[in-house]
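Residue strings, one per chain:
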Amino acid sequence: MISPSEKIKNLPPYLFGAIDILKANAFRKKLDVIDLAMGNPDLPTDPSIVERLIDTVKNHPRTHRYPQAKGMPKFRLALANWYKRRFGVNLNPETEAAALIGSKEGIAHLCQAYLDSGDVVLVPNPCYPVHLNSVILAGGEPYMMPLVKENGYIPVLSEIPENIRRRAKIMILNYPNNPTGVVIEDLKFLEDAVEFAKKYGIIIVYDNAYCEITYDGYVAPSFLQVKGAMGVGIEVGSFSKTYNMAGWRIGWAVGNSEVISTLSKYKSYIDYGVSTFIQLAAVKALELPAEKIRQTVAEYERRMDFFIKKLKSIGWIIEKPKATMYLWAKIPPPYAAMPSLEFAELLIESTGIAVTPGSGFGTYGEGFVRMAMVTHYRRFHDAYLRLKKFLSGKGRGR
Ligand SMILES: Cc1ncc(COP(=O)(O)O)c(C=O)c1O
């Protein structure tokens, strides 16, 4: 067999691929799996968005043609209007906005567009795996920035060695953060990051996929609200979580015009962008009243509050995050010393509950598991009963 490239060989195993195997084994054993592993929203896309798609596909055959790689003007304008309304950020829709086939695609292609072999990218640890894997696939060299509790899960820029700063081309930041659920409380860190990026000639890629999934009055900022941000970076965003459109594959990049132009150029060689009818449906999403998003958030919160309370009653203490639909949970006693992958395996085998091992997000994720609130409310009661049995050591929890 012909061997795949070193880049492919250097990739860590795809996290959700490994979890899929565990789930498939559990299904084979006829376990009733409660799937809290992947951040794959279970709520349906709003019917008005679905209607817009159907109407467009049916009645506007021009939308069946190739789209523009950077997105159609109508989509970019709707996005710019949304940024103005939501964040007070002014964008030139012609030069400072692009459609992506999901933010995952944009991050990966941006790395391809900017990295030569050995270029350094500053990546948080733990991180959404795509932040690391995109760098490896582009032949770049990741430098991992630890996110630890003592520093509020925010990278300490002063700890990055001088030679790394000089070689770094991109810094990836992600708040509200996957997997920890941590948010930016004030803009000081982002202001420092902008200064740092300016000084060392680094592009900041700010992943704001969870900006609308927030609780208890927290309102997430846009990176582009920070003074000077437009000069050094871009923000990527997603329809997947805010509008329950994960399968539609649409997101965006906004910000520095040079970076947007380079990314769009790269994309025009590789893909044709997002189908026009999906872009038009996404325009409908951007026009939805904020109440629709609040309903989605309220449902995640209802599940989360219930689960946290129930797990507390059996001694598994989990902090409620200010954002995301994830619980970032320390592995409970008596398993606290067990590697998270082993714990996740034991959990699914013993209880049918699928969670994501923290180590899959990076070495600093060890000791934790991530649980996504993406299944029906009632299932959290089932999950609690199984965990109660499991943690008390009385039987296998099923
Ligand atoms: C931090 C973060 N960024 C991006 C994405 C991917 O979003 P999209 O569906 O827009 O590609 C995810 C998905 O889980 C995520 O957690």
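Nothing here was measured: the structure is a model prediction, and the numbers come from that model.

So, about the packing of helix H3 (residues 47-59) against helix H11 (residues 276-286). Across the interface, H3 lies against H11 with an axial gap of 8 Å and an inter-helix angle of 145°. In this structure, H3 crosses over H11, and the sense of that crossing is right-handed. Residue-level contacts link Ser48, Ile49, Arg52, Leu53, Thr56 and Val57 of H3 to Phe277, Leu280, Ala281, Lys284 and Ala285 of H11. A breakdown of the residues in the contact of H3 with H11 according to their chemical character gives seven nonpolar, two polar and two charged.

Turning our attention to the pairing of strand S8 (residues 251-255). When you tally the buried positions in S8, you get five out of five residues, the bulk of the element. Taking every second residue as pointing to the same face, both faces of S8 are buried, with Gly251, Ala253 and Gly255 on one and Trp252 and Val254 on the other. Across four bridges, strand S2 (residues 97-100) lies against S8 in antiparallel orientation. Opposite Ala97, over in S8, you have Val254 as the bridge partner. As paired strands, strand S7 (residues 233-238) and S8 are joined by five bridges and run antiparallel to one another. The partner of Val236 across the bridge, within S8, is Ala253.

The next subject is the site of the ligand. Not every one of the 13 residues close to the ligand is listed here, only the nearest: Gly102, Ser103, Lys104, Ser238 and Ser240. Partitioning the shell around the ligand into residue classes produces three nonpolar, eight polar and two charged.

Quick look at the sheet that holds strand S5 (residues 168-174) now. Read across the open sheet, the seven strands follow the order S2-S8-S7-S6-S5-S3-S4; overall the sheet is mixed. Since the sheet does not close on itself, it has two edges, and those belong to S2 and strand S4 (141-146), each with one partner. Taken pair by pair, the neighbouring strands of this sheet meet at an average axis angle of 25°, ignoring direction. Of the pairings in the sheet, the one linking strand S3 (residues 120-125) to S5 comprises three bridges and is parallel in character. By the bridge assignment, Val121 is partnered in S5 with Ile170. The strands touched by helix H4 (residues 73-87) within the sheet are S2 and S8, with S2 carrying the most contacts at an inclination of about 110°.

About the criteria used
Residues numbered from 1 in each chain as written. Predicted model: local features only at pLDDT ≥ 70, side-chain atom pairs only at ≥ 80, totals over all residues. Axes fitted to C-alpha atoms, helices over the stretch in contact; angles between N-to-C directions. Helix = DSSP H or I, 4+ residues; strand = E, 2+ residues; numbered from the N terminus. Left-handed = near helix turned anticlockwise from the far one by under 90°. Contact = placed C-beta atoms within 7 Å. Nonpolar A, V, L, I, M, F, W, Y, C, P; charged D, E, K, R; others polar. Buried ≥ 20, exposed ≤ 12 C-beta atoms within 10 Å, placed from the backbone. Pairing = 2+ DSSP bridges. Near = placed C-beta within 6 Å.

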